[in-house]
Amino acid sequence: MGDDGGMSSSTAPPGRKRPRGFETTRDMVLSMAVVGAVVLGMFWMVAWQRPEVQGPIRPAVDVEQVFTDVRLGDTFPVVEPTGLPEGWVPTSAWFDTDAVSGAVGGGILHVGYQTPDGSYAEVRQTDGDSGAAVDEWVDGAVRVDDVVVADREWTVVESEQTGKQGLVSTEDGVTVVLTGKASQDELEELAASLR
């Protein structure tokens, strides 16, 4: 058995390494500090050295082409946002000639924008059912006010369920709905650009 009664000590004698599995808390803290320094170094290389990303959340789209297609098809008369100030970035545009799947029916033209404040606004136009369009696109909104923007009368609508708001105008059988998460001022700015 020997002098120590056959039992081995859990601490190594001075000058000898501890056997694996008998590290101290100090050893673990030092190891974690080394790993942490490596992780911070990698974070600095990735996060701080990359070029700054600027611009819209989504890439801009060609709105002109969609309006050109609608006008060439002579489906219904449309109004187009023109001369919007810097910061309005088109993010989506499409035209459905016969939206029979929804309650609106008729053709639907959609153009979405990222606003200068980073919000979202859209213009939707249809020769289909006006009431169904407002119900579907502005979450069952009801009239809360009327405004005149650029010599055109608009009904201000707001959904009691979701708080979503919009501007609605109908002329010559075509309903134009402006809505989105944008503020009322931004929606009116968008309305003023329609030609």
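Treat the numbers as computed from the prediction; the structure is a model and nothing was measured.

## Regarding the side chain of Thr175
Secondary-structure assignment places Thr175 in strand S7 (residues 174-180). Relative accessible area serves as the criterion here: at 1%, Thr175 is assigned to the buried category. Only 3.2 Å separates the side chain of Thr175 from the side chain of Ser130, close enough to count as a polar contact. If we ignore the near neighbours within four places in the chain, the residues touching Thr175 are Arg124, Gln125, Thr126, Ser130, Val168, Ser169 and Thr170.

## Side note on the sheet that holds S7
Strand order in the open sheet formed by seven strands is S1-S2-S3-S7-S6-S5-S4, and the pairing between neighbours is antiparallel. Only two strands of the sheet have a single neighbouring strand rather than two, namely strand S1 (89-96) and strand S4 (142-149). When the angles between neighbouring strand axes are averaged without regard to direction, this sheet yields 20°. Judged from the seven bridges that link them, S4 and strand S5 (residues 152-158) form a sheet pairing that is antiparallel. Within the sheet, the bridge partner assigned to Val142 lies in S5 and is Glu158.

## Quick word on helix H4 (residues 184-192)
Those residues of H4 not exposed but buried are Gln184, Glu186, Leu187, Leu190 and Ala191. Seen end-on, H4 carries its buried residues on one side only, within an arc spanning 160°. Structurally, H4 contributes buried residues whose contacts are with strand S2 (108-114), strand S3 (120-126), S4, S5, strand S6 (165-171) and S7.

## Let's talk about the side chain of Gln125
Following the sequence through the fold, Gln125 ends up in strand S3. You can call Gln125 buried: its relative accessible area is 1%. Polar side-chain contacts of Gln125 include one of 2.7 Å to the backbone oxygen of Val79. Excluding its chain neighbours within four sequence positions, the residues that come into contact with Gln125 are Phe67, Phe76, Val78, Val79, Gly107, Ile108, Leu109, Val174, Thr175 and Val176.

## Notes on the confidence of the model for the protein
For the protein, the mean per-residue pLDDT works out to 85, and 80% of the residues sit at or above 70. Confidence drops under pLDDT 50 across residues 5-9; counting only partners more than four residues distant or on other chains, this segment forms one contact. Here residues 52-56 is modelled with pLDDT under 50, and outside its nearest four sequence neighbours on either side it reaches two contacts, counting other chains as well.

## Concerning the packing of aromatic side chains
Tallied over the full model, the rule gives two aromatic pairs. Measuring from centroid to centroid gives 6.1 Å for Trp88 and Tyr113, while their planes differ by 75°, and the two rings are edge-to-face. You can see Trp88 sitting in the loop between helix H2 (63-73) and S1 and its partner Tyr113 sitting in strand S2, a full 25 residues away along the chain. As far as burial versus exposure is concerned, Trp88 and Tyr113 are alike and both buried.

The rules behind these values
Residues numbered from 1 in each chain as written. Predicted model: local features only at pLDDT ≥ 70, side-chain atom pairs only at ≥ 80, totals over all residues. Heavy atoms only, no water. Helix = DSSP H or I, 4+ residues; strand = E, 2+ residues; numbered from the N terminus. Buried < 20%, exposed > 50% of the residue type's maximum accessible area, 1.4 Å probe, protein only. Polar contact = N/O pair within 3.5 Å; in protein donor to acceptor, adjacent residues only side chain to side chain. Contact = heavy atoms within 4.5 Å. Pairing = 2+ DSSP bridges. Axes fitted to C-alpha atoms, helices over the stretch in contact; angles between N-to-C directions. Arc of directions from axis to C-beta. pLDDT = per-residue confidence, 0-100. Phe/Tyr/Trp six-rings, centres within 6.5 Å; stacked < 30°, edge-to-face > 60°.

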